[in-house]
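Summary of structural features
Residue strings, one per chain:
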Amino acid sequence: MHKLLLVLCTGYFMQSGFSNPVGFLSEVPKKDPLIVAKSFEEILAINEERGDLFEGDIVISHQRNAIADKTTRWGSTVPYLLTGEYSHQKKATIIAALNELEIRTCFQFIERTTEVDYLIFEVKNGCFSNVGRAGGRQTVSIGNGCENHRTVIHEMLHALGFWHEQSRTDRDDYVSIVWDVISEGHESNFNKYESDQLDTQGAPYDYDSIMHYHDTAFSKNGSKTIIAPDDKTETMGKIDAMSKIDVDELNLLYQCEVDIDGSGYTQWSDWGLCDQNCNKVRQRFCDGDQCSMWGAIETETTTCDASSCEAGVDPDCGLATVTGNLGFATSPLYPYPYKSNADCTQTIHTPAGTRIRLEFQDMDIEDYNGECHYDFLHVYDGPTDSSTKIGTYCGSSMPSTIYTSTNSVTIKFTSDYSVVRNGFYANYYAVLYADSLHVCAFEHDVDYCGWSTDGSVELSFQPLQGATASLDTGPSSDHTFGDNQNGQYLYLESSSPAMFGQRARIISPLFYAIGDTKYCFSIWYHMYGVNTGSLSVYEVYDDVISSSSLITITGDKGNQWNRLAVSISSSTPFKIAVEATRGNGYRGDIGIDDAYLDLGECT
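Rules of the game
- Note that residues are indexed from 1 along each chain, following the sequence as it is written.
- Given that the model is predicted, a residue must reach a pLDDT of at least 70 before its local features are reported, and side-chain atom pairs must reach 80 or more before they are shown or counted; all residues, however, enter totals for whole chains, interfaces and linings.
- Derived side-chain values reflect all non-hydrogen atoms in the structure, with water molecules and hydrogen atoms excluded from consideration.
- Salt bridges are counted wherever a side-chain nitrogen of Lys or Arg sits within 4 Å of a carboxyl oxygen of Asp or Glu.
- Labels follow the DSSP assignment, with helices taken as runs of H or I lasting at least four residues and strands as runs of E lasting at least two, numbered in each case from the N terminus.
- Pairing between two strands is assigned when DSSP locates at least 2 bridges connecting them.
- When checking whether two residues touch, look at their non-hydrogen atoms; a contact exists if any pair is within 4.5 Å.
- Where helices are involved, their axes are fitted lines through C-alpha atoms of the stretch in contact, as for all axes, and angles between N-to-C directions lie from 0 to 180°.

**What about the pattern of salt bridges?**
Opposite charge on two side chains lets them pair, provided their charged atoms get close. Taken as a whole, this structure holds 25 salt bridges when the rule is applied. Notably, a salt bridge pairs D248 with K244, separated by 2.7 Å at the nearest N-O pair. With D248 and K244 both in helix 6 (residues 244-253), this residue pair falls four residues apart, about one helical turn. Among the charged side chains, a network of salt bridges with common partners joins D454, E458, R503, R505 and E579.

Written out as structure tokens, the structure is:
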């Protein structure tokens, strides 16, 4: 199928007793043509170096007429994913196109979870897609230069089952192909389907289709490869939106009747993503026969929730101000190449009385002749970029660990319009001493910084975000980030089948003593509820847990996170065990988070 069904599809409609929900008018009322640079010509220019795409932007993974099988059509729900390499603005463009398709057709685009067949938008080399549902993970490439509304709609119509308009059987009645002007090796891009392969569904030839080639497509010298009537040449292959016939054919193919109100307008689309001014937009289209200007667009704008947007801050930069005991900072779009013309400033605040340890895990920023001239990272010892500068960094050499003198650090990343690299990634920790040996926030389900569950006891600590299930017990959020969306903590669930006196225990990685040294181990705990049991800390030598605890805390300590700290003196390698014991009822959940091991005695 292109904008055309294969013959088998027509038979399916007839056998099912389907009556067309749309009709094709000989004279379609249109909005004024919008002539833009974003045409099929641009797609071909971007894809020029590729030799493996059929008709310029189509991936052929099966036989060309596979779409004749109705199983290669999508259902009403189409799962999709957007990879993290897209900037916020490019994501907004893709989502706006999906929102438009939703309200002008019967499709519902949902973020993929476990669905086997789904679309994934990726930045590949060019703009391309399969035609119809190919099965499994199916790429829609919106590569560099393709990130505009028209191109996303064009590639999505391929993915939903459309071929190019000038491939239809009766093409020669409406346009002439100038074969001797076509670049050598590209002649097959102008092949047409015969009448036993295609059915036009009764649709008139559509010069204004968003799926039509422009008149110099695949030309070897800039001359026209497609000759159309003079009044059609100006818009052919250059219209920046779906035509009425595009919309009607898509709805006919999927047996869809769109909800149109009395004035001819569709329903409102979902709200788009927030822009840099903290506004978001939704639209509706005049697609009904009542419209004096078919396809006219109405737009509504509203202000985004301040908690999810900071006006004037590039959304790819992350929040301008971050608080908490632990987290990370990255260049925009990390681990993908950072944006050009980036200007991102982030200030990190940890609790009063702490300092910040900044540890770089990756560094790849453009280095111009050994100087941080075009792209660079500034780090400041304080709450603004007017604070004392600690250093300026670029290149690929990893900076040494940075310690601030206060509980604030400001990180400013800048890039110019050209050369982009993978950027930087740095972890930050709130520390009491510059010599912290170990910090763990228990944020990763698989690897808790080397801490492991002790399977020899009856229960296990469980990871959780947000509040525990039982009322009047347990944390409502983690300690690291202080909210119920971002952070994770570990907790002992005291509800059944847990029984009185049963324990959960985790054991640290091995710490190698430095001579006869004193250490301070600290951990944040949450013990709230009338049935709360106890929390204990033990030393572990040669994988044997000491018979007596270093410290034990018992009972309800209030609905808050508290800090436990205990000094350890050792001249041999050791581990630490943290053990929670279930009390005499279900209102006794015990949470733990943010463990530290520092040199020196606790203060």
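**Side note on the sheet that holds strand 5 (residues 127-130)**
With mixed pairing, six strands are arranged side by side in an open sheet as 1-5-6-4-2-3. The sheet is open, and its two edges are formed by strand 1 (58-59) and strand 3 (108-111), each paired on a single side. Where strand 4 (residues 118-122) and strand 6 (residues 137-142) come together, five bridges link them in parallel fashion. Looking across to strand 6, one finds that L119 is bridged to Q138. Of the strands in this sheet, strand 1, strand 2 (77-82), strand 3, strand 4, strand 5 and strand 6 are in contact with helix 4 (residues 149-160), which crosses strand 5 at around 15°.

**Observations regarding the environment of L564**
Note that L564 resides in strand 29 (residues 562-570). Residues L564 and Y525, spaced 39 residues apart in sequence, show a C-alpha to C-alpha distance of 7.1 Å. Ignoring anything within four residues of it in the chain, the contact list for L564 reads F521, S522, I523, Y525, L535, V537, I551 and I553.

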